[in-house]
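Each chain is listed here by its residues.
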Amino acid sequence: MEETIIPAKARLEKIESFLFSLSPNFFDVIDKFFNIPRILDKCYLKRLLKKKYWHALDIGAGKGSMTKFLMRYVDKITCFDKEAKELSILKKRLGKNKRLSFVKGDAGKLPFESNFFDLIFSNCVLEHIKDDEGVLAEISRCLKPGGKLIMTFPNKQMQAGWFKTLLFNKPWFRFLADPTMKKYFSFLNLMKAEEWYACYRWQHVRRGYALGEMKKCLIKYGLGVCDSIYYPSKTLSELWEMITFSRANQLFPYILFASAPLFYLFPKNGGNASSSLEFGILAQKEP
C-alpha cells in the first residue's frame, strides 16, 4: 500500500524530531508520560511477562518505547527494525547499554540462527506487513523450543464506539468529525468505513486480527497460545476514538498531551472482543 502523509502524524514526527535535537532526555519525558498508546501497552502487557528471560528479539523496535519497558524483564535485547532512521534514534537513546544490540532488516527474513531467542516480542507490527504468515514462520524458526512469543494486534472485532456510530448515522453531527475523515462517511456500512479508517489513518495493510483466527494461525507454526488479554477497557477505547476521530485531532499531538491525565485516572480494567482496540497474546513454541 502506498503510504499517505497524515497531517497529525507529520506534526507528531516534527515535534519528536525537534525535542530529540534539543536532547534525548526531552524526548524521553514526552514518550514516558504522554505517549498514551505505549503507556496502555505497558500497563496491560506486564500481565503477560511472568518471568525473567535471557535474550529477547524486539521486532519493530522503532524509537524504543517498548524496548525500555522490556529491559525490566530481559537480560539482553536485540532491537530489530526495517527503518535505519528509527534505529539511529534508538541507539542515541539507549545505545550505551551493553545489554542492547541493533539490527536493521526485513522481518520476513530474520538474519538470525534457528532456535536462538527465548523471547520474541512484537508490538502492533504484523498488521503493517503484507506477508504476515512469512513473519510468523520466521519467528517460529528463531525461537528456542519452549521459547515464548508476546505479540499485540489491532482488534478487528472491535465495534465502532458511540461517537463514530453517532456521526456515521446522523449526518447533521458530522461537523464534529476530523475534516480529513470525509471519506469515512462515503461508505455504505460502518464495517467498510472502519476497514478504510485503519488502513488510512494507521497505515495498516489490513484492519487487524481476531484472537480466534490468530490462535489457529500460530498453531500452524508450532506456537500454542498460553494466555491472552483484550485491552484497554471500553471507556478508554472510546476516549481514544473521540480524541483521534473528532475535530480535536486537528490539534494532535497537543490534544494528546492535554488529555493524558484522563488516561491515568480511569481504571485499567481489561476489555473484550467487541470493545477493545487491541489484544495481546503469550504463545510458546512446542518443545
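In the block above lies the structure referred to throughout.
Below is a short write-up of the structure.

Cut-off values and rules
- Residues numbered from 1 in each chain as written.
- Predicted model: local features only at pLDDT ≥ 70, side-chain atom pairs only at ≥ 80, totals over all residues.
- Heavy atoms only, no water.
- Patch = residues over 30% accessible without salt bridge, like charges linked within 9 Å, V, L, I, M, F, W, Y side chains within 5 Å.
- Areas by Shrake-Rupley, 256 points an atom, 1.4 Å probe, with all protein chains shown as cover.
- Salt bridge = Lys/Arg side-chain N within 4 Å of Asp/Glu carboxyl O.
- Lys, Arg positive; Asp, Glu negative; His and termini not counted.
- Charge placed at Lys NZ, Arg CZ, Asp CG, Glu CD.
- Buried < 20%, exposed > 50% of the residue type's maximum accessible area, 1.4 Å probe, protein only.
- Helix = DSSP H or I, 4+ residues; strand = E, 2+ residues; numbered from the N terminus.
- Polar contact = N/O pair within 3.5 Å; in protein donor to acceptor, adjacent residues only side chain to side chain.
- Contact = heavy atoms within 4.5 Å.
- Pairing = 2+ DSSP bridges.

Some words on a positive patch on the surface
1) Next: Residues K32, K46, R47 and R72 make up a contiguous surface patch of positive charge.
2) Next: Residue classification places R72 among the exposed residues on the basis of a relative accessible area of 55%.

Section: the side chain of K164
1) Next: Structurally, the position occupied by K164 is in helix 7 (residues 162-169).
2) Next: By relative accessible area, K164 is classed as buried at 2%.
3) Next: At 3.4 Å, the side chain of K164 and the side chain of E241 are in polar contact.
4) Next: Filtering out sequence-adjacent residues up to four positions away, K164 remains in contact with Y184, E194, Y197, E241 and F245.

A short note on the pairing of strand 4 (residues 117-123)
1) Next: Buried residues dominate strand 4, accounting for seven of its seven residues.
2) Next: As paired elements, strand 1 (residues 53-59) and strand 4 share four bridges and run parallel to each other. Across the sheet, the residue bridging to D58 is F121, located in strand 4.
3) Next: In the sheet, strand 4 pairs with strand 5 (residues 143-154) via six bridges, with the strands oriented parallel. If you follow L119 over to strand 5, its bridge partner there is K148.

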